[in-house]
Amino acid sequence: MSSRSTPRPAGVCGEVKVDELTDFSRLSRWSFEKNSSSELRSPRFKFAGPLDCRLVLHSRGSNYSSLYLEVLYTDVVKKGSYLAFFSFTLENSDNSKSLRRDCISRFTAKKPSQGISKFARPFALTNPDFGFIFDNSVKIIVDLRVLSEDWSIMGDNSCGKCSWTLKNISLFTDMLSSYQLISPAFETGDCIFRIIVRRTKDDSGDCLGLFLDSTETDISKDFYSNCWILFKLSVVNQTSASQNVYLDFYGRFGGVNKSGDYTEMGQSKCIDWLKFIGSGFLVDDCAKFVLLIQVIEERFSQSLPLHSRTEYSDQRLWEIKKFGSLKDTLKKRKVSGLSIKSMRFDIAEQAFRLVIYPRGNLFDPSSGYTSGDTITLSAKVLLLKETFLEGNAEVEKVGFPVDMDGVLRALDGTISAYLLRDLPVAENLGDGVPFEFECKLALVNQNCFRRTMWKTFVFREDTPKIHSEDFKGASNWLNKESGFLVGGSIALLCQIRSCPPVDFPQLTAAPGSKKIVGVFYKAGEYAEMNPNFVDCVERGLGLRDWLESQGHQYIVTDDKDGPDCELEKHIPDLHVLITTPFHPAYVTEERIKRAKNLRLLLTAGSVSDHIDLNAAAAAGLTVAEVTGSNVVSVAEDEVMRILILVRNFSPGYHQVTLGEWNVAAIAYNAYDLEAKTLGTVGVGWWAVTPKIEAFQLGMFDKERIAKCKKGVLIVNNASGAIMDTQAVVDGCSSGQIGGYSGDVWYPQPAPKDHPWRYMPNHTMTPHISGATIDAQLRYAAGTKDMLDRYFKGEEFPPQNYIVKEGELASQYR
């Protein structure tokens, strides 16, 4: 009888070779013949303990292929939970072009498959020209490391202790700066939690951080997750318990951040890294973390009957159970100053919470305010819906509509109105400036304006507020027939005039003042790191103090796109618009037509292709830039990129970050720049004509790149649009382009799925070549100089003009 092999399941192809490095690490090699199927599966191989796994390669059309590691559960383990690091490497015949993707994920019964959703382009796996197919096979290496852990939970749903022991943590310490270790998920109160361990390395030190996180979605719940928690996270010293490092935290967690509650809380610098690995915290490759957690048991409900609820009123009950035991815990842990906040509730699109401070004798059992160790708080909220208009608006549109009868009934039939001086106006005006106003307050009769009740006062410098004691004769104003209360609304009117008239030098614009708007990017925390970082919203080129001292209005924003953006609000009345090439505000013909006061467009830097120059010229505007301000910066960047490519620097750098050492893989393709041929393509901005500009778009297409010498190195700091995007990707993948570098993209900002981000042999950066601190200071000074000349009616340096008084400069004609 002849033997016959067992047929493989459909879709399984190739073979897997496994090197068992340790009990918890594998190095697996999956090889399979070139295949255009949409889904391929590897044979099974061991994962950890009784578990098997397999690789799944799934192609999603022509866009990308996804690679997953799929755990196959057996009868032995029905509900496993395993944290694993895995690194996928798609081998290339040119080792420096091999594609690597890393990930740390927790495999559970509901998430047995984890991986990289955009692993590689499908055509790269079927076309031998890309180098991923050799010997007619595709080879994928999987570096797999599984965390050996013990996890235990003691206590009930409101008070417990979680112990998490990591037994082979050394397999993960070299990657903790980039990835975090995540414990199994557990339920406490109304939330799902997990402990997170991560490593923080920065200028201030190297530390291990601990966090409690509530964003776990693997455990399904039928209600919104929200609860208040007091917890202590500890790093256990296994040689001396007295040396344990712990921190107390408290707060309200929410499964999503829409409620404004925490989704993660902890300390990023809980313990110094060297202390963690060398002082009893890490013993026999084992670390231990302990979480003590207490949740307030609460019931938060709406206590108004349905027929009594309105859009502007609400009443809530908040019950807190085991309040005495919570106070005892706080006292035991010496936690002071703590406040407990309720769940958020909304009234008229405003957010509210109840807050209680669990201290003082009020909450002792003998006080009577607790019942069976439960305390109950009640809150009734009534809101005024108000409208406030300035100027000569019609009376019926001015007022404070009151939509709640409860508020009206709370008034006793009289009404007082106050005008409160909110700021020290007299100090703003300076000594010796007259300060006296005549003020009129009115309770408006909305049916008959002639019956409106007026009160007149004089507001002097020493008067903090003026008010009417009451409106005599209006005692019947609550009567809906009186005309003072219409549709549940009352209206107050205020008129103010100075007597004698007062000049407000700091409150009104000076004659000839201009409204200047600058559009820059936000720098956030980086704005404080360098006082010379001026090309950002926070610094606004350093122009604010100078402009405002000249009596001008200066507005800066980063919100520049869309019909409702901040820039659009200022288009109708701005006089000067300042933009930069790095965060361009596109000045279109339509915007120019609506900018009735616009006279000057300034580019803080060089290149103004975000401005419709023909429309600007037709409108008689002046357009100028700080020509030459970033020439040195861009030229130095260009030289740097050339050297990076010639010396094969990028693969060498990535070797080091991956912990590898292979000189040959870098040196075989590294050269000196001396005696090499360099070419510059382009005519420069000064000589661009519409015909040349049209030619330059997509100038480097597939055919032109094919004419270059194989392995050509391309540096592009001109414009992303001059390169055919896909032709560059294909050239880098096939080796026709040996390296591509630049800081300009098309479009900008580049979307996350831009193919240049993921192609081999590139050293791309965001648009930064001309944004050095030195360049920023140059074009900030140049912008200030041109503004100063503009205010004085003087000419700009000739080379700065692009459009002068409606006429294109000669170099652009």
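This section reports on the structure supplied with the text. Every value quoted in this text rests on a predicted model; they were computed, and no experiment measured them.

### With respect to the sheet that holds strand S41 (residues 712-716)
Taken together, the three strands give an open sheet; going across it, the order is S41-S42-S43, and neighbouring strands pair in parallel fashion. On the outer flanks of this sheet lie S41 and strand S43 (762-764), each paired with one strand and no other. Taken pair by pair, the neighbouring strands of this sheet meet at an average axis angle of 10°, ignoring direction. Of the strand pairs in this sheet, S41 and strand S42 (residues 737-742) are connected by five bridges, and their pairing is parallel. Within the sheet, the bridge partner assigned to Val712 lies in S42 and is Ile737.

### Side note on the pairing of strand S5 (residues 52-60)
Here three bridges tie strand S3 (residues 39-41) to S5, and the two strands are oriented antiparallel to one another. Note on S5: the bridge partner recorded for Leu40 is Leu57. Of the strand pairs in this sheet, strand S4 (residues 45-46) and S5 are connected by two bridges, and their pairing is antiparallel. Within the sheet, the bridge partner assigned to Lys46 lies in S5 and is Asp52. Relative to strand S6 (residues 64-72), S5 is paired through nine bridges, and the arrangement is antiparallel.

### Focus on the packing of aromatic side chains
For the structure on display, the rule yields 26 aromatic pairs. Ring centres of Phe231 and Phe249 lie 5.4 Å apart, and the angle between their planes is 20°; on these two criteria the pair is classed as stacked. Taken together, the residues span a long stretch of sequence, with Phe231 in strand S17 (residues 226-235) and Phe249 in strand S18 (residues 245-254) at a distance of 18 residues. Here the two residues Phe231 and Phe249 agree in accessibility, since each one is buried. Relative to Tyr653, the ring of Phe649 has its centre 6.5 Å away and its plane inclined at 10°; by these criteria the two rings are stacked. Taken together, the positions of Phe649 and Tyr653, both in helix H11 (residues 649-657) and four residues apart, correspond to about one turn of that helix. The class for Tyr653 is partly exposed, based on a relative accessible area of 48%.

### Observations regarding the pairing of strand S12 (residues 159-166)
The element S12 is largely enclosed, with a buried count of six among its eight residues. Sheet analysis places strand S11 (residues 149-155) next to S12, joined by seven bridges and oriented antiparallel. Note on S12: the bridge partner recorded for Ser152 is Ser163. Hairpin connection between S11 and S12: a loop of three residues separates the two successive antiparallel strands. Pairing between S12 and strand S20 (residues 287-295): eight bridges, direction antiparallel. Bridge pairing in S20 links Thr165 to Lys288.

Parameters and conventions
- Residues numbered from 1 in each chain as written.
- Predicted model: local features only at pLDDT ≥ 70, side-chain atom pairs only at ≥ 80, totals over all residues.
- Heavy atoms only, no water.
- Pairing = 2+ DSSP bridges.
- Helix = DSSP H or I, 4+ residues; strand = E, 2+ residues; numbered from the N terminus.
- Axes fitted to C-alpha atoms, helices over the stretch in contact; angles between N-to-C directions.
- Phe/Tyr/Trp six-rings, centres within 6.5 Å; stacked < 30°, edge-to-face > 60°.
- Buried < 20%, exposed > 50% of the residue type's maximum accessible area, 1.4 Å probe, protein only.

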